[in-house]
Amino acid sequence: MSQSPPSARGSATTSGAPPGPKAGPSDAELVLAARAGERWAQEALFLRHVPYVSGILWRLIPNRADLDDVVQDVFFTAFVSLHRLENPQAFASWIASMAVRLTHKQLRRQRIAERLGLARRGEVSFDDVVGADCPQDVAVEVRQLYVQVEALPVAERVALLLRRVEGMSLEEVAEATGASLATVKRRIAAAEERLSAQAGRPRKPGA
């Protein structure tokens, strides 16, 4: 189950959406079949949702070397844990949250390895992140953002990218990260403060 990184959306604030209604079995029907051991149902869930999951992962870890492994981990973990999904029709939001949380762990492990000299920081594929049709001013903004977030604590980095690049609402960020709304607001505000300090400018009130 390998998936190439999707093209960026062309905007730092425009979000992709989870899969809408499809012809054929519903997500709930596929989840129930997958729980019963039907491999075709697992494959159908993968094909339906991997573009959305890969998109989220790509904007959190925009490095080709890491993407496929994390995608595999997300879907493997999801299929092993299907019995924990209380609402089978909510598979899309459930696996998106799982993707975010596994990415958070991956980023923490990667940062520790870098500090110990056991790994080198991967190169960000900016052309894939911003997309060929992205306006030049937005492309510059996104490139600068990815350079700056490398210095942020992982929790703040994830929350900020989900908000500013993935385009999630604060409520969606809270659900995806498993944090309270107040915690998400605090993390994003702290991240914005750090970015403003990096740029040597005061943060605008209410920004």
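About the cut-offs
Residues numbered from 1 in each chain as written. Predicted model: local features only at pLDDT ≥ 70, side-chain atom pairs only at ≥ 80, totals over all residues. Heavy atoms only, no water. Phe/Tyr/Trp six-rings, centres within 6.5 Å; stacked < 30°, edge-to-face > 60°. Helix = DSSP H or I, 4+ residues; strand = E, 2+ residues; numbered from the N terminus. Buried < 20%, exposed > 50% of the residue type's maximum accessible area, 1.4 Å probe, protein only. Axes fitted to C-alpha atoms, helices over the stretch in contact; angles between N-to-C directions. Parallel < 35°, antiparallel > 145°, perpendicular 65-115°, else oblique. Left-handed = near helix turned anticlockwise from the far one by under 90°. Contact = heavy atoms within 4.5 Å. Nonpolar A, V, L, I, M, F, W, Y, C, P; charged D, E, K, R; others polar. pLDDT = per-residue confidence, 0-100. Salt bridge = Lys/Arg side-chain N within 4 Å of Asp/Glu carboxyl O.

**Student:** Which residues make up the packing of aromatic side chains, and what values go with them?
**Tutor:** Following the criterion strictly, the structure yields three aromatic pairs and no others. Ring centres of phenylalanine 46 and phenylalanine 75 lie 4.8 Å apart, and the angle between their planes is 70°; this geometry places the pair in the edge-to-face category. Of this pair, phenylalanine 46 sits in helix H2 (residues 39-60) while phenylalanine 75 is found in helix H3 (residues 64-80), placing the two residues 29 residues apart along the sequence. The residues phenylalanine 46 and phenylalanine 75 share a single accessibility class, namely buried. Aromatic side chains phenylalanine 75 and phenylalanine 79 sit 6.1 Å apart centroid to centroid with 50° between the ring planes, which places their arrangement in the tilted category. Highlighted residues: phenylalanine 75 and phenylalanine 79, both in helix H3, separated by four residues, approximately one helical turn. What makes phenylalanine 75 buried here is its relative accessible area of 1%. Look at phenylalanine 79 and you get buried, because its relative accessible area is 13%.

**Student:** How would you explain the packing of helix H1 (residues 27-35) against H2 if you had to name every residue and give the values?
**Tutor:** Relative to each other, H1 and H2 sit at 140°, their axes nearing to 7 Å. One element, H1, and the other, H2, form an angle in the oblique class. As for the relative orientation of H1 and H2, their crossing is left-handed in sense. Mapping the contact onto sequence places Asp27, Leu30, Val31, Ala33 and Ala34 in H1 and Trp40, Ala41, Gln42, Ala44, Leu45, Arg48 and His49 in H2. Considering only residue class, the contact of H1 with H2 consists of eight nonpolar, two polar and two charged.

**Student:** How would you summarise the confidence of the model for the protein chain if you had to cite specific residues and measurements?
**Tutor:** A low pLDDT means the predicted coordinates there should not be read in detail. Put simply, the protein chain has an average pLDDT of 80, and 74% of its residues get 70 or more. The model gives residues 1-15 a pLDDT under 50, and that stretch makes 51 contacts with residues more than four places away or in other chains.

**Student:** Hey, could you go over the pattern of salt bridges for me, with residue numbers and the actual values?
**Tutor:** A complete count under the given rule lists five salt bridges for this structure. Aspartate 27 is the salt-bridge partner of arginine 48, the closest N and O atoms lying 2.8 Å from each other. Of this pair, arginine 48 sits in helix H2 while aspartate 27 is found in helix H1, placing the two residues 21 residues apart along the sequence. There is no split in this pair, since arginine 48 and aspartate 27 are both buried. One salt bridge in this structure joins glutamate 192 and arginine 164, with 3.2 Å as the shortest N-O distance. Separated by 28 residues along the polypeptide, glutamate 192 in helix H9 (residues 181-199) and arginine 164 in helix H7 (residues 154-164) bring together distant segments of the chain.

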